[in-house]
Amino acid sequence: QAETVTLRASHQFPGGKGDARDEMVQLIAREVKAADVGLDMQVYPGASLFKPHDQWNAMVRGQLDISSLPLDYASGKVRAFGATLMPGLVRNHARAERLDASPFMDSIRKKIEDAGVIVLADAWLAGAFGGKNGCIRKPEDVAGLKFRSAGKTFAAMWQKAGASIVTIPSSETYNALQTGVADATDTSTSSFVSFRLYEQLKCITAPGDNALWFMYEPVLMSKRNFDKLNEAQQKAVKAAGKKAEAYFRKASSEFDDKMVDAFKENGVEVVTLTPEEYDAWLKVAKESSYEQFADEVPDGKQLIEQALAVK
Amino acid sequence: MTPRLDRGRPLDVFLSAVRALSLASGIAAAALIVAAVVVVCQMVFVRYVLGETTIWQTDFVTFGLVGATFVGAPYVLMTKGHVAVDLVPLMIAGRARFWLALVATVLSLAFTATVTVLAYDLWHEAWAGGWESESMWRVRLWIPYAAMPIGLGLLTLQYVADLVALVTGRDEPFGIDPAQGGGI
Amino acid sequence: MQGLIVLVATVAVLLTGAPVAFALGVVGIGGLIAFQGIDSLLVVAETIYSGLHDFTLVSIPMFIMMGAAIGSSPAGRDLYEALDRWLYRVPGGLVVSNLGACALFAALTGSSPATCAAIGKMGIPEMRKRGYPDEVATGSICAGGTLGILIPPSITLILYGIATETSIGRLFLAGVLPGLMLTTLFMAWTIFYVWRWAPRRREFSRRYVMRDKLAALPKVLPFMAIVGGVMYVLYGGVATPSEAAGVGAAMCVVLALVIYRMWRPADWWRILRDTTRESVMILMIIGTSVLFGYMLSSLYITQSLAQSIAALEVNRWVLMGLINVFLVVAGCFIPPAGIILMTSPILLPIIKDAGFDPVWFGVIVTLNMEIGLITPPVGLNLFVVNAIAPDVPTRTILLGALPYVACMVVGLVILCIVPEIATWLPDTLMGPGR
Ligand code: NA
Ligand code: NA
C-alpha cells in the first residue's frame, strides 16, 4: 500500500469540549482512520492553524484539506453565499433538513464546488438574539437599541426595524455589552454560551419553532486535495462526512437546549417567537435584507425564491 | 547613520531617489495613522452622542492600520527603526562585522522580496476575483490589499539600496560607528 | 527533530542582527519551504495580512501616539517634576513613580507594548536625565509595561477567556490583586536595588517643602484629566477598549495643541514620526510572528510539545511547574496571542483534570506571558524600549529586565501557594465559581 496521506482539518471552535462542530470534524477524523485506506487526519481546533476567515482560501489553494466554517465567511468571494445567513429563511431544524434536499441548496453546493471546495456534511446552526434591558419579540422592541450583529443581512433587518448598528469584533462583544457600548446582539446559540453572554443579557430569544436566525456551517474539503485521493480514500471521506451529518442532525437541537439551560441557570429570561411575531419580522426582512441581497447578487432573487418555496 | 552620498554619480542618484521614496512612504503611513485616530473619534461620537449606526469605521481603521504597517516599513528601515538583536554585531568588528551585516541584509532582502511577490499574487487574485470584505462595509479588497505589495516592494527597494550602500562602503555595517569596537 | 532545527535556525538568524520582524519571516518561510514544499507559500501573504487585520491591535498605535504627544509636550516634564518633588527622598523614587504610572496606565489599556510605550516614552529619558543607571531606567519600564496585560482590561485575558470558555468578567477581576501584588514586588525590588547599588549620583540643589510639592500639583492636572477622561470613556459605556485608545490619543493631541500651544509643524511631525516608527516596528513584528506561529503550528511543533507534557504522569505541582517552564520557553519566541490561541485549548483539560481552577490558571498563563514579553529573542516590550532608547545596548536592557523576571517568578510562586489572591475578588463579587 502507498504511503499514508495525512489530511489537515482546521476550525475555530474549542477542541475536545463537546462543541458539535468540533465533534463533526473529530468524527470524520476517526472514521477515515478506521476505514484503513491509508488516510490519517490531524485536527487543529480553536483557530490554531488558520484564522477563521483565512480557511476558505487555504482550502481553495489546497493548503488546508478540511474545515468547518460558516459559509458566509466566504461571501466576499462568492456573493451568493450571503443567502446562507439570511433572516427567517430557515425557521427551524425540521425545515433545515428539507432545505438541504431542495434546489436552493443544490444551487449553493454547485457554487461551492465551482469555487474549488466540496461539501462533506451539511449543517445548519440555529442562533438567537438578546437584549441587555429587555426581551426582543416584535420589530418595535429594537427601536433605539445599539445592536451588534453577526452578519450584514441581519444588521440590515435590525436597522430597518429602528436599531442602530454597532460594528464590534466578536471578541469585544462581552465588554461592549458590559459597558453599554452595545445593548443587544445576535449570534449562534453556541457562541452565546461560549462567550458567556448570559452574564450580561437580561432576556434572550431562543430558536424554538420560529427561529429567525440560522446559519449554514458545513464541513468542507478542498476540491484540489480531494481529487488527489484514490477512489477508496474518496469514498471513505464521503462516507465519514455523511456520518458527521447524521450526527449533527441529532445534536443540533440539543445545542439549542444547552443554551436555553445555560441562560435559565443564570437567571436570564428565555422567550421564543410566535408565528405572528415571526411573520412580522419576515416582513421587515423582505423590505431590507432580501431586497438588498436581490439587488446585489445577480441570481439573488431566484435563490431567495427557491428557499422560500420549500415547505 | 546616513550614507555618504555624492551628487552627480548614478549610484548616488539611485540611493537618493530610494531615500526620497521611503520618506514619502513614511509620510503616507503617518497620514493613515492620523486618519485612523480621527475616524475612531468620529465613530465614538456618532454612536455615543448621536446614537446612530456605525458601519464603515471599524473596517476603515483596521485596514488603514494594516496599510500603515506595510507602507511605513521602508521609512522605518531607512531610519533604522526595525529593532534587531544587536548582541553579536557589537561583539565583533571590522571585516567580520561587514560579512555579518551582509548576511543579515541578504536574509532580510530574501524575505521581503519573496513576500512582495506573494503579496502581489494575493492582490491580483483579489482584484481579478472581485473579492470584497465579509464585513458590513463591503470593501473591494484589492484596495486595502494594494498596500502590501506596494509597501513591501518599496521595502525591498530600500533593502537593495542598503545593500548597495553597504557593499560600496557608503554605509557602515549595521550603521554602527566603526570607532565603537568589538568586545562589550 | 523539526522543532530543534527550527529553534536553532531562529536563534541563528536573530543573532545575525537582522531585524526581528524579518528574521522571524525568514525562518517562517524557510521552515515552510523545507518541510512542506514550495506550495505552502501560497498562504503566506494572507497569513501575514490577516495577522494584522485585527481591530484590537488598533490600541497599539493609538496608545503610542498618546505617549508621543504627551512625551513631546511639557506635560511629561511637569508630571515628573511633581512626582520627583513628592518622591525625591525615596530611593529610586522616580522609578517607583514610573512603575505606579505603568500600573495606572495598565488600567486604561489591554496591551503591554502600549503601556510600555506610553509610559516609557516619557519615563525613560526623564529617568536617565536624572541620573538613574540605564539598566534601571529601561528594565523597570520593560517590566512595568507587562502590567498592561495583567491589570484589566487585558487582551491576553480576553483571548484566554474565549479560547477556554472562561468568564472574561471573572478573569478581569482575577487579574486585579495579582497585578497590584506584582506592582508592589517591582517597586520593592527597585527601592532595594537603587538603595543598595545605585544611589543617585545627582546632588540635590534644594530640598522640597510642602509648598513646593503642592505648587507642582496644578501642572499635572491636564495629565490626570486625560486619565480620568479615558477612564470615563472606557468604563462609562462610551467605547470599547480599543476605541478608548483612539479617543485618548486625540485628547492628548488636543492637550498638546491647546494647553501647551504646540503649533509648529516641526512639533507635529515629531509626534507623527515617532508614532509611525514605533507602531510600524511593533506591528511588523506581530505580522511576521503570526507567520512564524503558523509555521510552528503547521509543523505541529507547538502542539506536540504541549501534548508531550500532558502525557507525563506526575504530581500536579510538578505538572504545573512543567507547564510554566513550557509557557516561559514558548514565551521567549512567540508573542502572547499566538501562545494562548495555540496551547490553552490543549492545556486547559490537563489543568482541570489536575484539579486547578481555570480562572486562576488564566492569571498564571498571563504572568508567564508577561515574562515572555521581556525575555529575548522575541520580547515585544524589549523592542519597544529599544526603540525609545536606541542608544542603550540591548544587553543593558536585558540585564535591567532580568531581576523583574525574578520578581514575576516570585509572584508565580506566591500565586501557587495562595491562589486566593486571584480567586478571592471574582468569588466575592460574582459568587463562588462553578
Ligand atoms: Na490592562
Ligand atoms: Na520573549
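Residues numbered from 1 in each chain as written. Chains lettered and ligands numbered in written order. Predicted model: local features only at pLDDT ≥ 70, side-chain atom pairs only at ≥ 80, totals over all residues. Heavy atoms only, no water.

Draft legend 1. Spatial organisation of the overall build of chain C. Across its full length, chain C carries 20 helices and zero strands. Over its C-alpha trace chain C gives a radius of gyration of 22 Å, about what one expects of a compact globule, namely 22 Å for 434 residues. A separation of at least 24 residues holds for 80% of the contacts in chain C among residues at least 6 apart in sequence. Summed over its atoms, the accessible surface of chain C is roughly 14900 Å², and 69% of this surface lies on carbon and sulfur atoms. If you average the places of the 26 positive and of the 23 negative side-chain charges in chain C, the two averages end up 14 Å apart. (Helix = DSSP H or I, 4+ residues; strand = E, 2+ residues; numbered from the N terminus. Rg over C-alpha atoms; globule rule 2.2 N^0.38 Å. Contact = heavy atoms within 4.5 Å. Areas by Shrake-Rupley, 256 points an atom, 1.4 Å probe, with all protein chains shown as cover. Lys, Arg positive; Asp, Glu negative; His and termini not counted. Charge placed at Lys NZ, Arg CZ, Asp CG, Glu CD.)

Draft legend 2. Examining a nonpolar patch on the surface more closely. Where nonpolar side chains cluster on the molecular surface, the patch consists of L87 and M91 of chain B together with M1, L4, I5, L7, V8, V11, L15 and F35 of chain C and spans about 870 Å² of accessible area. Among the elements of the structure, α3 (87-91) of chain B together with α1 (2-15) of chain C are those that each provide at least two residues to the nonpolar patch. No other element matches α1 of chain C, which puts six residues into the nonpolar patch. Considering the arrangement of structural elements, one finds M1 of chain C in the segment before α1. (Patch = residues over 30% accessible without salt bridge, like charges linked within 9 Å, V, L, I, M, F, W, Y side chains within 5 Å. Salt bridge = Lys/Arg side-chain N within 4 Å of Asp/Glu carboxyl O.)

Draft legend 3. Local environment of the pattern of salt bridges. As enumerated under the stated definition, the model contains 33 salt bridges over all chains in all. K111 of chain A serves as the salt-bridge partner of D299 of chain A, at 2.8 Å between the closest nitrogen and oxygen. A residue pair is termed long-range when its members are at least 10 positions apart, and D299 of chain A in the loop between α10 (275-296) and α11 (300-309) and K111 of chain A in helix α4 (residues 103-114) qualify at 188 residues. Since its relative accessible area comes to 21%, K111 of chain A is described here as partly exposed. The salt bridge involving E243 of chain C is made with R47 of chain B; its shortest N-O contact spans 2.5 Å. Residue E243 of chain C is found in helix α12 (residues 241-258), and its partner R47 of chain B is found in helix α1 (residues 10-49); the two belong to separate chains. Assessed through its relative accessible area of 1%, E243 of chain C is described here as buried. (Buried < 20%, exposed > 50% of the residue type's maximum accessible area, 1.4 Å probe, protein only.)

Draft legend 4. Representation of unusual backbone geometry. The phi angle at F174 of chain B is positive, at roughly 60°, despite the residue not being glycine. Looking at where F174 of chain B falls in the secondary structure, it is placed in the segment after α6 (147-167). Residue Y300 of chain C is not a glycine yet carries a positive backbone phi of 65°. Along the chain, Y300 of chain C falls in the loop between α13 (265-298) and α14 (301-311).

Draft legend 5. Up close: the sheet that holds strand β3 (residues 66-68) of chain A. Residues and elements named next belong to chain A. Taken together, five strands build an open sheet; the order of strands is β2-β1-β3-β11-β4 and the sheet is mixed. Both edges of this open sheet fall to β2 (39-44) and β4 (117-121), since each of them pairs with a single strand only. Strand-to-strand twist across the sheet, computed as the mean angle between neighbouring axes with direction ignored, equals 25°. Two elements, strand β1 (residues 5-11) and β3, share three bridges in a ladder whose sense is parallel. When the sheet's bridge partners are listed, S10 is paired in β3 with S67. Relative to the sheet, α4 contacts β4 and β11 (219-222), its axis offset from that of β4 by approximately 130°. (Pairing = 2+ DSSP bridges. Axes fitted to C-alpha atoms, helices over the stretch in contact; angles between N-to-C directions.)

Draft legend 6. Spotlight on the nonpolar core. I112, W158 and F263 of chain A together with F361 of chain C are the most contacted members of the largest nonpolar core, which has 275 residues in total. Aside from chain neighbours lying at most four places away, what touches F361 of chain C is Y160, M320, I323, L347, L348 and I351 of chain C. Membership of the second largest hydrophobic core comes to 29 residues, among which are L7, M24, I28 and I66 of chain A. (Core = buried A, V, L, I, M, F, W, Y, C linked by side-chain atoms within 4.5 Å.)

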